[in-house]
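What the coordinates show
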Amino acid sequence: MIYARQSPGYAISVAYDIVHSHPDVIAVFGDFMAEDMAADAEVYGYYKIPQCTGNAYTLPLRNRAKYPYYFQTITVTGYAEALGLLLKSWNVKRIAFLAPGTYLGENSLCGYLANSLHNAGFDVISRMVYYDVQSETLDFIASSFERVNARYIFACGSADTLAHMYYGLAKKKRLVGNDYVWIMDNVPYPYNDPIPLWGPHYYKDARGIINLFAGNTMNTFMKEVEYKLQYSAIAMQAGNGKTISLPFMEYWTNMGNMYDCPRIFATGLENLMRSDPTITADMISKRALQEKNFGLFQSTGYRGITGDPVTLTEHGDVAAAFNIFCVDGLSEDMNSPQFALTDPSVTKIMQWKRYQPTFYNGSSIPPPDGPIYTHISIDPNSRSGMMLKVFSASGISLAILFSLVVLIFRNKPAIRSGSVVFLIIMALGTIPSHASHLFYIGIPTAFRCQARLWLQLASYALCLGSILSKNSRVLLIYSAKKTASSVYRQGLLLDLYNVWAFCCGNGTDLDLVHFFQDESSSNHASRLLI
């Protein structure tokens, strides 16, 4: 058994020492931290030494082609699917992820879940890491999640880290309450006495925390093995003058997973010897049969705590369904009744009728995953709707009528002096503005809101552009000291310049509207990625 104490460099050093200085070591139990396993698994895999852990997991090691000699008794396969099924059953689409340190990296559980849910179409509104649980850090976490209206939060971490983070936020009355649902890969159970930090009733704030754990349904044999293991551990610690509780063992030791690891080793090697009488224990102890270790432990028939029998998936973790629990917040033991279960292939979720989850507000109805937006719309048949229709139709009719009058009487001196072309452009240019009023009628949509901007901008561009061009020509004519033909040529050049300036200026406006439209529709401004 090895424990590198969160030092990957040290883990590699120990692995090399075991391989070269201890030739009788034929299997390794450990390491116990994800970053250490990712390091020393490279060494043990190269030398074909089987390795098992029951405490943590790292995603790259699930690649059986690259790490065929590694397996774990904690299940990751199907975790993202189980979480997705649970969220869909609650009609939840928005979720944020929170994890300490490297727990949110690409190879971590939280990182894997966030990427998987994003690819499945969920809106992962924020991914945040933290490196301490000081008051300032908790305030920053709360402010960041409040800014994006995060209501469903998945948190990764050890039981103690989760406890200091969660109860610290609860003490501040931020991110913990009726509007929030926390989903965790562990139970927030502190290592030291929590009462001086959060008061005697701190556990009440844990009500409604959801936990997902993979595990096979406990039968009588599995319960008996677990019972004997727990009480033998309690008796052993009592002999050392220490007292440990069942919740402590459950949340801090992964005792069942750890118990099964070496026994799967032993059963697999025993099966190897039974399958071939020529294979002896001495041959195994001298690493003479390491090539045969590939897939040796996938289905040994071993009956343990994590399964009866324990069978490994193609990714090297225990094949199991996912059990979903809800903390009731009634005691320090963090009692968590189960309310749902997935099928073994994690394609559907079944919720118990006899027990429903109790969320923070005491209700069994999941709160919404974000603020409930309400809208006030103008009914097309209401008085306001009819008035907008009349005003819009009147404005469009008057613009067309004015254009026809100008066109019919275009030879009149008064109209010719005002420039027929520009007068018609200005008149028709008001039509988009009048039409935009129609988009205030009915239920607001993104298209209606964007259409108002585009139409108003189009009217502004046509009317203002015509006025600028007309006034520029008048200025040129009255300030010119040259012949009419020269003035005409300069007028054409001025028109070209005005068209160029008009296109550049309004093109900038259109680009800004287009940028605003894209940003609004993709919700980039509402996301916080840290």
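Summary of the structure given here. (Residues numbered from 1 in each chain as written. Predicted model: local features only at pLDDT ≥ 70, side-chain atom pairs only at ≥ 80, totals over all residues. Heavy atoms only, no water.)

A separate point is the packing of helix H3 (residues 79-89) against helix H4 (residues 109-119). Direction vectors running N to C along H3 and H4 enclose 55°, while the axes themselves pass 9 Å from each other. Judged by the inter-axis angle, H3 sits oblique to H4. The two elements H3 and H4 meet at a crossing, and its hand is right-handed. Contacts between H3 and H4 involve Tyr79, Ala80, Glu81, Leu83, Gly84 and Leu87 on the former and, on the latter, Leu109, Tyr112, Leu113, Ser116 and Leu117. Split into classes, the residues belonging to the contact of H3 with H4 amount to 8 nonpolar, 2 polar and 1 charged. (Axes fitted to C-alpha atoms, helices over the stretch in contact; angles between N-to-C directions. Helix = DSSP H or I, 4+ residues; strand = E, 2+ residues; numbered from the N terminus. Parallel < 35°, antiparallel > 145°, perpendicular 65-115°, else oblique. Left-handed = near helix turned anticlockwise from the far one by under 90°. Contact = heavy atoms within 4.5 Å. Nonpolar A, V, L, I, M, F, W, Y, C, P; charged D, E, K, R; others polar.)

In this structure, Phe97, Phe154 and Ile210 are the most contacted members of the largest nonpolar core, which totals 38 residues. Looking at which element gives the most residues to this core, the answer is H3, with 7 residues. Leave out the neighbours within four places in its chain, and Ile210 touches Leu86, Trp90, Val181, Trp182, Ile183, Met184, Ile324, Phe325, Cys326, Phe339 and Phe359. (Core = buried A, V, L, I, M, F, W, Y, C linked by side-chain atoms within 4.5 Å. Buried < 20%, exposed > 50% of the residue type's maximum accessible area, 1.4 Å probe, protein only.)

Positionally, Thr53 belongs in strand E2 (residues 51-53). Once residues lying within four places of it in the same chain are set aside, the contact partners of Thr53 are Gly30, Asp31, Phe32, Met37, Tyr70, Phe71, Gln72, Thr73 and Cys261.

Applying the stated criterion across every chain yields a total of 7 salt bridges. Glu146 is the salt-bridge partner of Arg174, the closest N and O atoms lying 2.7 Å from each other. Of this pair, Arg174 sits in the loop between helix H6 (159-172) and strand E7 (181-184) while Glu146 sits in helix H5 (residues 135-147); the two residues are 28 residues apart in sequence, bridging distant segments of the chain. Judged by its relative accessible area of 32%, Glu146 falls in the partly exposed class. With a shortest N-O distance of 3.3 Å, Lys228 and Glu224 are connected by a salt bridge. Of this pair, Lys228 and Glu224 both sit in helix H8 (residues 220-239), 4 residues apart, which is roughly one turn of that helix. Residue classification places Glu224 among the partly exposed residues on the basis of a relative accessible area of 39%. A single network of salt bridges, built from pairs that share partners, joins Asp139, Glu146, Lys172 and Arg174. (Salt bridge = Lys/Arg side-chain N within 4 Å of Asp/Glu carboxyl O.)

Attention now goes to the state of the cysteines. Under the counting rule described, the total for this entry stands at 2 disulfides. Bridging Cys52 to Cys261, the disulfide has an S-S length of 1.8 Å. Disulfide Cys52 to Cys261: torsion about the S-S bond roughly -70°, handedness left-handed. Of the two residues, Cys52 is situated in strand E2 and Cys261 in helix H10 (residues 255-275); the sequence distance between them amounts to 209 residues. Classification of Cys261 as buried rests on a relative accessible area of 0%. Each sulfur in the disulfide pair Cys110 and Cys156 lies 2.1 Å from the other. Handedness here is read from the sign of the S-S torsion; for Cys110 and Cys156, about 100°, the answer is right-handed. One end of the pair, Cys110, is in helix H4; the other, Cys156, is in the loop between strand E6 (152-155) and H6, and 46 residues separate them in sequence. (Disulfide = S-S within 2.5 Å.)

The subject of this paragraph is the pairing of strand E8 (residues 210-214). Note that E7 and E8 share 2 bridges and pair parallel. Residue pairing in the sheet places Met184 in a bridge with Asn211 of E8. Alignment of E8 against strand E9 (residues 322-326), held across 5 bridges, turns out to be antiparallel. Bridge pairing links Ala214 to Phe322 in E9. (Pairing = 2+ DSSP bridges.)

Turning to the packing of aromatic side chains, a few remarks are in order. Each aromatic ring pair is described using two quantities: the centre-to-centre distance and the angle formed by the ring planes. Taken as a whole, this structure holds 19 aromatic pairs when the rule is applied. The interplanar angle of 85° and the centroid separation of 5.0 Å between the aromatic rings of Tyr46 and Tyr47 together place this pair among those described as edge-to-face. Residue classification places Tyr47 among the partly exposed residues on the basis of a relative accessible area of 29%. Between Tyr227 and Tyr231, the ring centres sit 4.6 Å apart and the planes meet at 45°, which makes this aromatic pair tilted. Of this pair, Tyr227 and Tyr231 both sit in helix H8, 4 residues apart, which is roughly one turn of that helix. Among the residues examined, Tyr227 registers a relative accessible area of 52% and is labelled exposed. Exposure remark for Tyr231: the relative accessible area of 38% places this residue in the partly exposed category. An aromatic cluster of at least three residues, connected via ring pairs, comprises Tyr166, Tyr167, Trp182, Trp198, Tyr202 and Tyr203. The side chain of Arg62 reaches across the aromatic face of Tyr112, ending 5.8 Å from its centre. A cation over a ring is seen here: Arg452 above Tyr440, with NZ or CZ 4.1 Å from the ring centre. (Phe/Tyr/Trp six-rings, centres within 6.5 Å; stacked < 30°, edge-to-face > 60°. Lys NZ or Arg CZ within 6 Å of the ring centre and 35° of its normal.)

Moving on to H3. Within H3, 8 of the 11 residues are buried, leaving the element largely enclosed by the surrounding structure. Considered for burial, the residues of H3 that qualify are Tyr79, Ala80, Ala82, Leu83, Gly84, Leu85, Leu86 and Leu87. Looking at the residues trailing H3, positive phi occurs at Asn91, about 60°.

Turning to the sheet that holds E2, a few remarks are in order. If you trace the 3 strands from one edge of the open sheet to the other, you get E1-E2-E3, paired in parallel fashion. In this open sheet, the two strands that pair with only one neighbour each are strand E1 (28-29) and strand E3 (70-72). Note: E1 against E2, 2 bridges, orientation parallel. By the bridge assignment, Phe29 is partnered in E2 with Cys52. With respect to the sheet, helix H2 (residues 34-46) is in contact with E1, E2 and E3, its orientation differing from that of E2 by roughly 160°.

The amide bond that connects Gly30 to the next residue, Asp31, takes the cis arrangement and shows omega of 0°. Mapped onto the elements of the fold, Asp31 is located in the loop between E1 and H2. Backbone torsion omega between Asp308 and Pro309 reads 0°, so that peptide bond is classified as cis. Among the secondary structure elements, Pro309 is positioned in the loop between helix H11 (281-285) and E9. Positive phi, normally seen in glycine, also occurs at Lys173, with a value near 60°. In this structure, Lys173 sits in the loop between H6 and E7. Within the chain, Arg287 stands out as a residue other than glycine whose phi angle is a positive 60°.

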